[in-house]
Amino acid sequence: SVALAKGEEEDKDEMQQMLERVLPSSKRLTPEQEAQIRKQVHRMPEEQRRAIQAWLNDDGDHFWVHVGMFLLIAILFVGAFIIFSAYLIVAHEFNIYDPESWRNATISLEHTLRRNRILSPKGGWLLPEGIVIQERQLEMMQYDEL
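Residues numbered from 1 in each chain as written. Predicted model: local features only at pLDDT ≥ 70, side-chain atom pairs only at ≥ 80, totals over all residues. Heavy atoms only, no water.

Chemist: Outline the overall build of the chain, listing residues and values.
Modeler: Secondary structure summary: the chain contains 7 helices and 0 strands in total. Listing the helices and strands of the chain from first to last along the sequence gives α-α-α-α-α-α-α. Within the chain, buried positions represent 17% of all 146 residues. Pairs at least 24 apart in sequence give 39% of the contacts found in the chain among residues at least 6 apart. In the form shown here, the chain has an accessible surface area of approximately 11,900 Å², with 62% of it arising from carbon and sulfur atoms. (Helix = DSSP H or I, 4+ residues; strand = E, 2+ residues; numbered from the N terminus. Buried < 20%, exposed > 50% of the residue type's maximum accessible area, 1.4 Å probe, protein only. Contact = heavy atoms within 4.5 Å. Areas by Shrake-Rupley, 256 points an atom, 1.4 Å probe, with all protein chains shown as cover.)

What follows is the structure, given as structure tokens:
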């Protein structure tokens, strides 16, 4: 009974120290919230409590952790870009990696909009001189005119 009270008192002091370190003095918790946190911490296995305590007390340099997180986020965005580019290639036949696609971007876009019936299919194809349409796009335009 005395050992149990002493253990609860140590947990209370430990929790109070953690709260003071983590929360600024202007944002203290209510006594009910502190009691709820203490109760949850008391239910945790000793190993988890030690892990939380070690994490809170860690004052080490986290440079490589930040570099790793930055790289993970960069890889996430690169992957999303590649998936989006694959979608454009497969669904809209617009290869963003091909310079010819960018030269004829307005023509390709107009053709796609007409094929999907967003623009009127009766509109003509007035190609400026010197514009070369990829063979597949030309075949699709002829097929759409039928």
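Chemist: How would you sum up the confidence of the model for the chain? Please name residues and give values.
Modeler: A residue-level look at the chain finds 62% of positions with pLDDT of 70 or above and a mean pLDDT of 75. Highest mean pLDDT in the chain belongs to helix α4 (residues 63-92) (93); lowest belongs to helix α7 (residues 135-145) (58). (pLDDT = per-residue confidence, 0-100.)

Chemist: Which residues make up the packing of aromatic side chains, and what values go with them?
Modeler: Using the criterion set out here, one finds 3 aromatic pairs in the structure. An angle of 80° between the planes, with centres 5.0 Å apart, marks the rings of Phe63 and Trp64 as edge-to-face. What makes Phe63 partly exposed here is its relative accessible area of 45%. When its relative accessible area of 68% is taken as the criterion, Trp64 is described as exposed. (Phe/Tyr/Trp six-rings, centres within 6.5 Å; stacked < 30°, edge-to-face > 60°.)

Chemist: So, the pattern of salt bridges: which residues are in play, and what are the values?
Modeler: Enumeration over the complete set of coordinates arrives at 2 salt bridges. Note that Glu46 and Arg49 form a salt bridge whose closest N and O atoms lie 3.9 Å from each other. Remark: Arg49 and Glu46 occur in helix α3 (residues 46-57); sequence separation between them is 3 residues, near one turn of the helix. Assessed through its relative accessible area of 43%, Glu46 is described here as partly exposed. Across the pair Arg103 and Glu100 runs a salt bridge, and its minimum N-O distance is 2.8 Å. Taken as a pair, Arg103 and Glu100 lie in helix α5 (residues 99-103) at a separation of 3 residues, close to a single helical turn. Owing to a relative accessible area of 56%, Arg103 belongs among the exposed residues under this scheme. (Salt bridge = Lys/Arg side-chain N within 4 Å of Asp/Glu carboxyl O.)

Chemist: So what's going on with the environment of Tyr97? Which residues, and what values?
Modeler: In this structure, Tyr97 sits in the loop between α4 and α5. Taking the C-alpha atoms as reference points, Tyr97 and Ser85, separated by 12 residues in sequence, lie 8.5 Å from one another. Sequence-distant contacts of Tyr97, defined by excluding residues within four places in its chain, comprise Phe81, Ile82, Ser85 and Ile89. A distance of 2.8 Å separates the side chain of Tyr97 from the side chain of Ser85, its partner in a polar contact. (Polar contact = N/O pair within 3.5 Å; in protein donor to acceptor, adjacent residues only side chain to side chain.)

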